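# Notes for the structure review
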Amino acid sequence: MEHIKNPFIYGTRVSGDAFCNREEEVEELLGDIRARQHVILFSQRRFGKTSLVWKVLEEARKEGIIPVHVDLYPISTLGEFIEEYAKAIARTLSTYEKATRLMKGLFSRLYLSKGVDPAGNPQWSVGFDRNREIETFDEAVSSVENYLKRKGKFGVVVFDEFQQITETNGEKIERRLRTAIQTHEHVCYLFVGSKKHMIHDLFSNPNRPFYRIGKIFPLGKIAAADLRGFIEKRFNEAKVDIDVNAIEVIVETTECHPFYTQYLCHVLYDIMESRHIRADDVPKAIVFLLYRESTAYMNTWDLLTNRQRQALVALSETVPGESPFRIEMLRRFNMSQPAVMIRALKSLADKDIVDKEDGRYGIIDLFFKRWIRTFISHSQPF
Ligand SMILES: Nc1ncnc2c1ncn2[C@@H]1O[C@H](COP(=O)(O)OP(=O)(O)OP(=O)(O)O)[C@@H](O)[C@H]1O
Ligand SMILES: [Mg+2]
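A quick note: this is a predicted structure, and the numbers were derived from the prediction, not measured.

Calculation notes
- Just so you know, the residues in each chain are numbered from 1, in the order the chain's sequence is written.
- Following the order in which they are written, the chains are lettered starting with A and the ligands numbered starting with 1.
- In keeping with the predicted nature of the model, local features appear solely for residues at pLDDT of at least 70, side-chain atom pairs appear and are counted solely at 80 or more, and the whole-chain, interface and lining totals rest on all residues.
- With hydrogens and water set aside, each side-chain value is computed from the structure's full complement of heavy atoms.
- Note on terminology: near, applied to a residue and a molecule or strand, indicates that one of the residue's heavy atoms is within 4 Å of it.
- The term polar contact refers here to a pair of N or O atoms within 3.5 Å; inside protein, the definition further demands a hydrogen-donor-capable atom paired with an acceptor-capable atom, and it admits residues adjacent in sequence only when both atoms are side-chain atoms.
- Shrake-Rupley sampling with a 1.4 Å probe provides the accessible areas, and residues are treated as covered by the protein chains on show and by no other component.
- Only DSSP runs of H or I reaching four residues or more are called helices, and only runs of E reaching two or more are called strands; each is numbered from the N terminus.
- Each residue receives one of three labels: charged for Asp, Glu, Lys and Arg, nonpolar for Ala, Val, Leu, Ile, Met, Phe, Trp, Tyr, Cys and Pro, and polar for the others, Gly being one of them.
- Source of the domain bounds: an automatic or database domain assignment.
- Here, residues are in contact when the closest pair of their heavy atoms is within 4.5 Å.
- Defined in terms of a 1.4 Å probe, buried area is the accessible area two parts forfeit on being brought together, summed over both.
- The rule is simple: take the accessible area with a 1.4 Å probe, protein chains only, and divide by the maximum for that residue type; under 20% is buried, over 50% is exposed, in between is partly exposed.
- Working note: the arc is built from the helix axis to C-beta atom directions.
- For two strands to be treated as a pair, DSSP must find no fewer than two bridges joining them.
- Axis lines are fitted through C-alpha atoms, for helices just across the contact stretch, and the angle between N-to-C directions can take any value from 0 to 180 degrees.
- A pair is scored as a salt bridge if a Lys or Arg side-chain nitrogen falls within 4 Å of a carboxyl oxygen belonging to Asp or Glu.

### Re the site of ligand 1
Taken together, 21 residues sit near ligand 1, with Ile9, Thr12, Cys20, Ser51 and Gln262 positioned nearest. Contact distances for ligand 1 include 3.1 Å between an oxygen atom and a side-chain N or O atom of Glu161. The protein chains hide 94% of the 630 Å² of surface that ligand 1 would expose on its own. Looking at the shell around ligand 1, the elements with two or more residues in it are helix 2 (49-62) and helix 10 (258-271). Its residues placed into classes, the shell around ligand 1 shows 10 nonpolar, six polar and five charged. Structurally, the shell around ligand 1 is a two-domain feature, drawing no fewer than three residues from each of domain 1 (22-218) and domain 2 (224-296).

### Structural notes on the domain arrangement of the protein
Many descriptions give the size of an interface as the accessible area lost when the pieces come together. The domain architecture assigned to the protein consists of domain 1 (22-218), domain 2 (224-296) and domain 3 (306-377). For domain 1 and domain 3, the distance between their C-alpha centres works out to 38 Å. Across the boundary between the two partners, domain 1 contributes five residues, which contact eight residues of domain 3. Counting each side, the surface lost to burial between domain 1 and domain 3 is near 420 Å², with a carbon and sulfur contribution of 30%.

### Describing helix 4 (residues 99-106)
The set of residues buried in helix 4 consists of Leu102, Met103 and Leu106. Buried positions in helix 4, seen along its axis, are confined to an arc of 95 degrees and lie on one side of it. Residues Thr100, Arg101 and Lys104 are exposed on helix 4 and point more than 90 degrees away from its buried face. Where helix 4 is buried, its residues touch helix 3 (78-93), strand 3 (111-116), strand 4 (122-127) and helix 5 (133-151).

### Digging into the side chain of Arg234
Relative to the assigned elements, Arg234 resides in helix 8 (residues 224-237). A distance of 3.4 Å separates a polar atom in the side chain of Arg234 from a polar atom in the side chain of Glu237. Ignoring anything within four residues of it in the chain, the contact list for Arg234 reads Pro7, Phe8, Asp17 and Ala18.

### Section: the sheet that holds strand 7 (residues 215-218)
With parallel pairing, five strands are arranged side by side in an open sheet as 2-5-6-1-7. Each having just a single partner strand, strand 2 (66-71) and strand 7 make up the two edges of the open sheet. Strand-to-strand twist in this sheet, taken as the mean axis angle between neighbours without regard to direction, amounts to 20 degrees. Alignment of strand 1 (residues 39-43) against strand 6 (residues 187-194), held across five bridges, turns out to be parallel. In the sheet register, Ser43 faces strand 6, and the bridge partner there is Ser194. Along the sheet, helix 1 (residues 23-34) makes contact with strand 1, strand 5 (155-160), strand 6 and strand 7, crossing strand 7 at roughly 165 degrees. Where helix 5 meets the sheet, it contacts strand 2, strand 5 and strand 6, and its direction lies at approximately 145 degrees from that of strand 6.

### Considering the pattern of salt bridges
Any two side chains of opposite charge can pair, given that their charged atoms come close. Applying the stated rule across the entire model yields 22 salt bridges. Across the salt bridge formed by Glu84 and Lys87, the nearest N and O atoms sit 3.7 Å from each other. Residue Glu84 and its partner Lys87 are located together in helix 3, separated by three residues, close to a single helical turn. Ionic pairing is found between Asp138 and Arg176, a salt bridge with its closest N-O pair at 2.8 Å. Residue Asp138 is found in helix 5, and its partner Arg176 is found in helix 6 (residues 171-183); the two are separated by 38 residues along the sequence. Several salt bridges share partner residues, and in doing so they unite Glu171, Glu174, Arg175 and Arg208 into one network.

Here's what the structure looks like:
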């Protein structure tokens, strides 16, 4: 078969043709940025937050708004926060300004120098007095506002994986950041992160510094109609025909989850035997995907307690409208009362394995749920 690169991408940020729609979200966020309305954008993992935000930043840049994207994923200390933030600022602002002039005018505590990484890409390194972290933090946080004010421009700062801030110095730093942000008139802030932490730990607790700092924006899945069109187009561009009912089986299986839709289509493309995909081909791809993920799922499973496993089996066998606490489930697992199951579910929620939405518990990773049903629930004695 002619070799064409797999058109489906999963796991990293997607852009260009690999980015499906999200037009309404892009417009809404752009409107917020123009109005300098701070936003808290959150979802379950891998729903497309980072991809969406980059798309929005690209559009904002075209309007003359200066975009800074800070990835806080790797940080676990205040020093690392400062480094990542300073690097992100330098990366962005040096595209508008000669780097040396910029550094002189903006920073007195931070020393930034530009080099190249082993692959030859530009890379910034950051130095500062480690005994003066708090002052350096203040300098980094006010630098964007100062720069924009001087230039008479506006900007947007995205803190991606913002929940990592809780790893730094706890509330002291949160409070300092909030106080600074409140004085900024030229910057709009987007706080992006995972549902559980953003909501429960940072933004909806009146005792926490970030309470009510901005608009709460829960990012949903991609609309089924858009996703169907996207799947068909991507296959067609790679010279593959796909039947309408095959597409239907895909979106039903992935429940329109962006990551899993791309993942399943990627596998489907990898294992296809002809350039025409039919509905029957999808189950094969599902099984293939489950096998590919099974080491990771087994690792997760091995770390759980018996009660947690039982609760997951109960959830995996619970259809909408049913309760996981139904009497036959409790009996099956010798649970004297629902509280036993509830305790297990709560501990699974703490681990980000299950989620409670509209009062109902569910397994977050829908392929993990399928894996449990396929490989555990009917074959494994408890
Ligand atoms: N708009 C989109 N169109 C097509 N695929 C998408 C879209 N958004 C996300 N995806 C799919 O989901 C994957 C994860 O996207 P992304 O990294 O943007 O999500 P995230 O919510 O930031 O994830 P994380 O929780 O890991 O930070 C992508 O690799 C891609 O497969
Ligand atoms: Mg992300």
